[in-house]
Amino acid sequence: MTGFVKMLQDTDVLQPVEIGSVRASRTIGRYLSREKLKTSSFLVGLLLVLSYLLVIILFGLVLSEVFPCGSRRREWEYFHGGCYYFATKQVIWQTAKMHCEEKNSSLVVIQDNPEQNFLQSRTRGERYWIGLTDIDAEGEWRWIDGTNYRANFKNWKPGQPSDYNRNEDCAEISALGEWNDENCNTQNFYICEKPLPS
Ligand SMILES: [Ca+2]
Ligand SMILES: [Ca+2]
């Protein structure tokens with residue numbers, strides 16, 4: 001009891017200056033805590049933003065691996081440095097040519113056996129227009145990109161091109177993948193091709 005009274009007496013004799021400095025140090029303490037909190041919040045926010053950016057970058061990298069011809073246009077398929085579009089609507093050859101041009105591409109030009117095999121693995125027995133025609137001069141087949149027809153790969157079905165009824169001037173990939181000349185006003189699917197975007 002005597003000790004307790006003495007403690008109270010001791011408290012009572014605290015000088016105003018000492019009380020003031022205690023208050024000041026509490027205020028500084030509170031200020032520093034607030035600043036620490038602000039700094040922590042800032043760091044957490046910064047980390048969140050960085051994580052978000054990292055996720056976006058990683059997502060972009062994964063998409064560019066899975067869809068090298070562009071994630072927004074998943075109908076474009078990648079093969080050997082090129083992007084290929086397999087139409088889901090049937091149109092005449094001229095319209096097919098125009099549709100490909102509207103997509104900044106052209107009707108497909110088939111350069112070799114691997115490309116032929118890729119295309120026929122995707123055409124699955126349906127008939128698709130390709131960028132080969134003798135519409136300007138009968139029997140003078142021309143690739144629409146100027147590729148030399150005579151010197152390059154061909155895959156005509158036996159007996160084709162036949163120019164049946166003297167009215168077949170556009171080439172298609174036929175049911176088994178081989179080429180056939182067909183009336184250009186026939187409604188067919190078509191394949192567009194463009195280089196891989198750089
Ligand atoms: Ca012809
Ligand atoms: Ca034919």
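Summarised in this report is the structure supplied together with it. (Residues numbered from 1 in each chain as written. Chains lettered and ligands numbered in written order. Predicted model: local features only at pLDDT ≥ 70, side-chain atom pairs only at ≥ 80, totals over all residues. Heavy atoms only, no water.)

**A look at the coordination of the calcium ion (ligand 2)**
How we decide: Metal sites are built from N, O and S donor atoms within 2.8 Å, or 3.2 Å for Na, K and Ca, and they leave out water, so they may look incomplete. Helix and strand definitions follow DSSP, with helices as H or I runs of at least four residues and strands as E runs of at least two, each counted in order from the N terminus. The buried label goes to any residue with under 20% of its type's maximum accessible area, the exposed label to any with over 50%, and the partly exposed label to all in between, with areas taken from a 1.4 Å probe on protein chains only.
For the calcium ion (ligand 2), the full set of protein donor atoms is Q160 (OE1), S162 (OG), E168 (OE), N180 (OD1), D181 (O) and D181 (OD), at a range of 2.1 to 2.8 Å. Binding-site remark: the calcium ion (ligand 2) is held by donors from one chain whose sequence spacing is Q-x1-S-x5-E-x11-N-D. Placement of E168 in the loop between strand 5 (142-143) and strand 6 (170-173) and of N180 in strand 7 (residues 179-182) is noted, with a sequence separation of 12 residues between them. For the pair E168 and N180, a shared accessibility class is recorded, and that class is buried.

**A word on the packing of aromatic side chains**
Any pair of aromatic rings gets described here by the distance separating the centres and the angle formed by the planes. Put simply, the test is: Only centres within 6.5 Å qualify two rings of Phe, Tyr or Trp (six-membered ring in Trp) as a pair; their planes then separate them into stacked at under 30 degrees, edge-to-face at over 60, and tilted for everything else. Placement of a charge over a ring requires the Lys NZ or Arg CZ to be within 6 Å of the ring centre, with the centre-to-atom vector within 35 degrees of the ring normal.
Tallied over the full model, the rule gives 12 aromatic pairs. Pairing F79 with F118 gives two aromatic rings, centres 4.5 Å apart and planes at 5°, and the pair type is stacked. Of this pair, F79 sits in strand 1 (residues 76-79) while F118 sits in helix 4 (residues 113-123), placing them 39 residues apart in sequence. For the pair F79 and F118, one class covers both residues: buried. Their ring planes at 70° and their centres at 6.0 Å tell us that F86 and F118 sit as a pair that is edge-to-face. With F86 in strand 2 (residues 82-86) and F118 in helix 4, this residue pair connects regions lying 32 residues apart in the sequence. Using a relative accessible area of 12% as the deciding quantity, one classes F118 as buried. Through successive ring pairs, a cluster of aromatic residues spans F79, Y84, F86, F118, Y128 and F189. Over the aromatic face of W76 sits the side chain of K194, whose NZ or CZ is 4.2 Å from the ring centroid.

**Observations regarding helix 4**
For an α-helix, the turn length of 3.6 residues means that residues three or four places apart are oriented alike. Where we set the bar: As used here, the arc belongs to the directions running from the helix axis to the C-beta atoms. Contact criterion: two residues are considered in contact whenever any of their non-hydrogen atoms come within 4.5 Å of each other. Under the rule applied, a polar contact is a pair of N or O atoms within 3.5 Å (in protein, one hydrogen donor and one hydrogen acceptor; residues adjacent in sequence only if both atoms are side-chain atoms).
Among the residues of helix 4, E115, Q116, F118, L119 and T123 are the ones counted as buried. Buried residues of helix 4, viewed axially, fall in a sector of 165°; they line one side. In this structure, the buried residues of helix 4 make contact with strand 1, strand 2, strand 4 (128-133), strand 6, strand 7 and strand 8 (189-195). Backbone nitrogen of E115 and a side-chain oxygen of the N-cap are separated by 3.1 Å at the start of helix 4; the cap is D112.

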